[in-house]
Amino acid sequence: MFHDNKANRLRKEILLRVARAFFTEQPDKSLNRIPLVMRPKRGESSRCCIYKDRVVLKYRTMAALGFSVENEVDELKPISAYYEEALKRDEPVKPVLTVIDDACSACVTSRYSATDACQGCLARSCESVCPKGAIEFQKGRARLDPEKCVNCGLCMKACPYRAIIRIPIPCEEACPVGAITKNETTGREVIDHTKCTYCGKCLRECPFAAISDLSQIVDVLKQLKAGNAVGMIAPSAIGQLPGTLPQLVSALEQVGFARVVEVAEGADETTRQESAEWAAKMSEGERFMTTSCCPAYIETVERHLPEIKPYVSDTPTPMAFTASNVRKLNPEAVTVFIGPCIAKRVEAAKNPDVDFVITFEELGAILVGAGIDVLECEEAALSTQVHSEGRGFAASGGVTAAVQALAPGNAALEPLIVDGIDRKAISRARTWATSSCSGNFVEMMSCEGGCISGPGTLGNPKIALRQLKDLLEKTPSLKAETVIDNQPPFTERPPSIYMEKI
Amino acid sequence: MKKVTVSICTGTTCYLMGAAHLLCIDEVLDPYVRDHVEARGAHCLGLCHNEANGRAPFVKVNDRVIADANLTLVLDAVREILEEEN
Ligand code: FES
């Protein structure tokens, strides 16, 4: 589920090298050398040769600068030229997941294969069960003819030795909405952007790290230099970098964020409004309501589950509340959401209050590039206005717990938690609209485990969950806020100490 | 018998490159080995500043440095040391 492997490390190394270059005297030089340094002469290559590796590394670096391979018109255009262009843009590029063509290994289409475990038995059930005559015997062993095989899988079921296996195409397998498929002529994968929900599962699962999203790291580095950036850290920040949350806040201030706010504060507000909304909807006779904070879920609804749309909560997300609050206090602020999520880039593109989105991976790269070690940072003061409900949004079940804690008439709340949106979850959701739903409050999380195991995380989800629980124990609950109904709305309340500094 | 010390660097560079996942090492040690190993997170080992040391994450098993560390490499080193010492 979470992935620490060579493909993933390679991706992070590129981000790090880009960030590092930014802080050097001559970024151009270091940037152009990235592919060479990473695949030196006479060194190892992961593909046919170091030269092909270098080409792929160049494309990866382009993605880290916010350009897709398709942007390449001239192969001789150096990385530094893309960098200059990146520095000139004022808005982040439109979020999109792309396949780096040259990195895609064009995994075999024939999904079934006979292994050495074949005993060449007398029964040969595989041969008799195959409707296409695709099984041949060579030297007494079964072999599948890929030209004839139609991937029905009957032979696999028939083999008493389990000698026939199904070879998945990892990205296609991971995609819950069938948005990534093979181009029949090239054999390479292509993403259908009308279907893609930006959940990031393919990006994580591809063993060749061939899928990339377009980073906003340079855009944010530039803003840090300009000095007007406000960092909005997602509740799932816990465990994503070493040290404590207060240390992380001071690391962010050191690297150039003018202010740092916890999105958990916005999540508190989402909790207040969503619980009230739920209670109101139930009294109006609605059957159920789903959460609205997971952007990959929202994209899934938009593109694949229109029937569920009327049931989705209208309450703004924690990021939306936080950003609007930051903007109210300082209209000039450049807002940067820092989270585990790449789908948030899509949400941000629709919300004028959010300027940039980076992941914890990208943040880590920025900090290391700037030579800041979180473990060596002082502890900054955190806002006292953040509650356990908001911070709890980070893990699966957290939103439910928060809403349950606050909802008027919450005894009637029957939670249903969808921990990870896969194909099954989507077809299940479809039936909620047409027939019945087994809960009246549905929490939808695209990532299994919730945000703490999102595609842009650095931490180990298990450890992060432990750290989150510890933090929640020390955080006051919203329930202590007396008579919630008498509270002025979030945006009209006096800003917290933290916000005040802006 | 002296315990083998495993220091997993959790400085920001190593953390970025995957150290967080190595912190779960206790879960993959078999019970016998676990009794002879002391694993802990460490502040920056100072190795990340020079590319000649190899790639992060770094782990020190007693005084052996492992670059581009993963659980297999760390476990191999632990086993080797245990065998040498016994
Ligand atoms: S962060 Fe691990 S050696 Fe410096």
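Here the residue numbers are simple positions, counted from 1 along each chain's written sequence. Chain A is the first chain written and ligand 1 is the first ligand written, with later ones labelled in order. Where local features are concerned, this predicted model is filtered to residues with pLDDT of at least 70; where side-chain atom pairs are given and counted, the filter is 80 or more; whole-chain, interface and lining totals use all residues. Working from all heavy atoms in the structure, the side-chain values ignore hydrogens and water.

(A) Just the overall build of chain A, in detail. When helices and strands are counted, chain A shows 20 helices and 15 strands. At 25 Å, chain A has a C-alpha radius of gyration in line with the 23 Å of a compact globule built from 502 residues. Dimensions of chain A, computed from the C-alpha atoms along their principal axes, are close to 80 × 65 × 35 Å. Evaluated residue by residue, chain A yields a buried proportion of 56% over its 502 residues. By the criteria applied, helices consist of DSSP H or I runs no shorter than four residues and strands consist of E runs no shorter than two, each listed in order from the N terminus. Using C-alpha atoms as the atom set, the radius of gyration is obtained and then compared with a globule rule of 2.2 Å times the number of residues to the power 0.38. Per-residue accessibility, obtained with a 1.4 Å probe over protein chains only, is compared with the maximum for each type, and a residue is labelled buried under 20%, exposed over 50%, and partly exposed between these values.

(B) Looking closely at the sheet that holds strand 11 (residues 289-290) of chain A. All names here are of chain A. Here three strands make up an open sheet; going across it, the order is 11-15-14 and the pairing parallel. Edge strands, defined here as strands with exactly one partner in the open sheet, are strand 11 and strand 14 (415-419). Here a strand pair is declared whenever DSSP counts at least two bridges between the two strands. In this structure, strand 11 lies alongside strand 15 (residues 441-445), joined through two bridges in parallel fashion. Among the inter-strand pairings, Met-289 is bridged to a residue of strand 15, identified as Phe-441.

(C) Layout of the environment of Ser80(A). Residue and element names in this part refer to chain A. When you line up the elements, Ser-80 lands in helix 4 (residues 79-88). Owing to a relative accessible area of 8%, Ser-80 belongs among the buried residues under this scheme. Residues Ser-80 and Leu-65, spaced 15 residues apart in sequence, show a C-alpha to C-alpha distance of 9.9 Å. Every residue in contact with Ser-80, bar those within four places of it in the chain, is listed here: Asp-28 and Asn-32. In what follows, residue pairs with any heavy atoms lying within 4.5 Å of each other are defined as contacts.

(D) A look at the pattern of salt bridges. Think of a salt bridge as a Lys or Arg side-chain nitrogen and an Asp or Glu carboxyl oxygen that are within 4 Å of each other. Going through the model one piece at a time under the given rule, you end up with 34 salt bridges over all chains. Across the pair Arg64(B) and Glu84(B) runs a salt bridge, and its minimum N-O distance is 3.2 Å. Residue Arg64(B) is found in strand 4 (residues 64-66), and its partner Glu84(B) is found in helix 4 (residues 71-85); the two are separated by 20 residues along the sequence. Residue class for Arg64(B) comes out partly exposed when judged on its relative accessible area of 28%. Taken together, the salt bridges that share partners define one network made up of Glu13(A), Arg17(A), Glu51(B) and Arg55(B).

(E) View of the interface of chain A and chain B. Residue-level contacts link 31 residues of chain A with 23 residues of chain B. Buried area counts how much accessible surface, traced with a 1.4 Å probe, disappears from two parts once they are put together, with both parts' losses summed. At the boundary of chain A with chain B, total buried surface from both sides reaches about 2,100 Å², with 52% on carbon and sulfur atoms. The largest contributions to the chain A side of the interface with chain B come from Arg9(A), Leu375(A) and Leu458(A), which together make up 25% of the buried area. Put simply, chain A and chain B have four salt bridges between them. A salt bridge links Asp68(B) to Arg9(A), with the nearest nitrogen and oxygen atoms 2.9 Å apart. Any N or O atom pair separated by 3.5 Å or less is treated as a polar contact, with the protein-specific requirement of one donor-capable and one acceptor-capable atom, and with residues adjacent in sequence counted only for side-chain atom pairs. For the interface between chain A and chain B, the tally reads eleven residue pairs in polar contact (both at pLDDT 80 or more). Among the secondary structure elements, those contributing two or more residues to the side of chain A that touches chain B are helix 1 (6-22), helix 2 (27-38), helix 15 (360-369) and helix 19 (461-474) of chain A. Of all the elements, helix 1 of chain A adds the most residues to the side of chain A that touches chain B, at six residues. Grouping the constituent residues of the side of chain A that touches chain B by class yields 15 nonpolar, five polar and eleven charged. Three classes are used, and their members are as follows: Ala, Val, Leu, Ile, Met, Phe, Trp, Tyr, Cys and Pro are nonpolar, Asp, Glu, Lys and Arg are charged, and the others, Gly among them, are polar.

(F) View of the nonpolar core. Core analysis: the biggest nonpolar cluster contains 147 residues, and Ile211(A), Phe257(A), Trp432(A) and Val61(B) have the highest contact counts within it. Sorting elements by how many residues they give to this core places helix 1 of chain A first, with eight residues. Note that domain bounds follow an automatic or database assignment of domains. Taken domain by domain, this core gets at least three of its residues from each of domain 1 (6-105 + 172-215) and domain 3 (219-501) of chain A. Residues in contact with Ile211(A), not counting those within four places in the same chain, are Leu97(A), Thr98(A), Val99(A), Cys171(A), Ile180(A), Ile191(A), Cys202(A), Leu203(A) and Cys206(A). The nonpolar core is taken to be a set of buried Ala, Val, Leu, Ile, Met, Phe, Trp, Tyr and Cys residues, with the residues joined through side-chain atoms within 4.5 Å.

(G) Inspection of the domain arrangement of chain A at higher detail. Split into domains, chain A comes out as domain 1 (6-105 + 172-215), domain 2 (111-167) and domain 3 (219-501). Taking the mean C-alpha position of each, domain 1 of chain A and domain 2 of chain A sit 38 Å from one another.

(H) Looking closely at the packing of aromatic side chains. Residues and elements named next belong to chain A. Between 30 and 60 degrees the pair is tilted, below 30 it is stacked and above 60 it is edge-to-face, where a pair is any two Phe, Tyr or Trp rings, Trp via its six-membered ring, whose centres lie within 6.5 Å. Tallying each qualifying case throughout the model produces four aromatic pairs over all chains. With a centroid separation of 4.2 Å and an interplanar angle of 10°, the aromatic rings of Phe-288 and Tyr-311 are classed as stacked. Taken together, the residues span a long stretch of sequence, with Phe-288 in the loop between helix 11 (263-283) and strand 11 and Tyr-311 in the loop between helix 12 (295-304) and helix 13 (318-329) at a distance of 23 residues. The pair Phe-288 / Tyr-311 is uniform in exposure class, with both members buried. Relative to Trp-432, the ring of Phe-288 has its centre 6.1 Å away and its plane inclined at 75°; by these criteria the two rings are edge-to-face. One end of the pair, Phe-288, is in the loop between helix 11 and strand 11; the other, Trp-432, is in helix 18 (residues 423-434), and 144 residues separate them in sequence. Sitting over the ring of Tyr-82, Lys-77 keeps its end group 4.3 Å from the ring centre. The criterion is that NZ of a Lys, or CZ of an Arg, lies within 6 Å of the ring centre and within 35 degrees of the ring normal, and then a charge sits over that ring.

(I) Structural view of helix 11 of chain A. Taking 1.5 Å per residue, 21 residues should reach 30 Å; helix 11 of chain A reaches 30 Å between its end C-alpha atoms and fits that length. Counted residue by residue, helix 11 of chain A has 16 buried out of 21 residues, so it is predominantly covered. Between the first and last residue of a helix there are one fewer steps than residues, each counted as 1.5 Å, and that sum is the expected span.

(J) Main features of the pairing of strand 10 (residues 259-262) of chain A. Looking at chain direction, strand 9 (residues 229-233) of chain A and strand 10 of chain A are connected through four bridges and run parallel. The residue of strand 10 of chain A that forms the bridge with Gly231(A) is Val260(A).

(K) Here's a closer look at the sheet that holds strand 3 (residues 59-61) of chain B. Residues and elements named next belong to chain B. Spatial strand order, 2-1-3-4: four strands in an open sheet with mixed pairing. Looking at the sheet topology across the chains shown, the edges are occupied by strand 2 (37-42) and strand 4. If you compare each strand with its neighbour and ignore which way they point, the axes differ by 20° on average. Relative to strand 4, strand 3 runs antiparallel, the two sharing three bridges. Residue pairing for strand 4: Val-61 is matched across the bridge by Arg-64. Each axis is a line fitted through C-alpha atoms, taken for helices only over the stretch in contact, and angles between the N-to-C directions span 0 to 180 degrees.

(L) View of the side chain of His304(A). When you line up the elements, His304(A) lands in helix 12. Overall, the relative accessible area of 16% leaves His304(A) in the buried class.

(M) Seen up close, the layout of surface pockets. Detection works on a 1 Å grid of protein atoms alone, calling trapped sets that fit a 1.4 Å probe cavities and calling open sets with protein on both sides within 12 Å along at least five of seven lines pockets, with lining residues defined by an atom within 4 Å of a point. Grid points are joined across faces, edges and corners, and a volume is the space filled by probe spheres set on the points. Of the pockets and cavities examined, the largest pocket occupies roughly 950 Å³. Around the largest pocket sit 34 residues that line it, and Leu10(A), Glu13(A), Arg39(A), Arg55(B) and Asp68(B) are the ones nearest its centre. Contributions of two or more residues to the lining of the largest pocket are made by helix 1, helix 2 and helix 3 (50-64) of chain A together with helix 1 (12-22) of chain B. Looking at the lining of the largest pocket element by element, the count peaks at eight residues for helix 1 of chain A. Considering only residue class, the lining of the largest pocket consists of 15 nonpolar, six polar and 13 charged.

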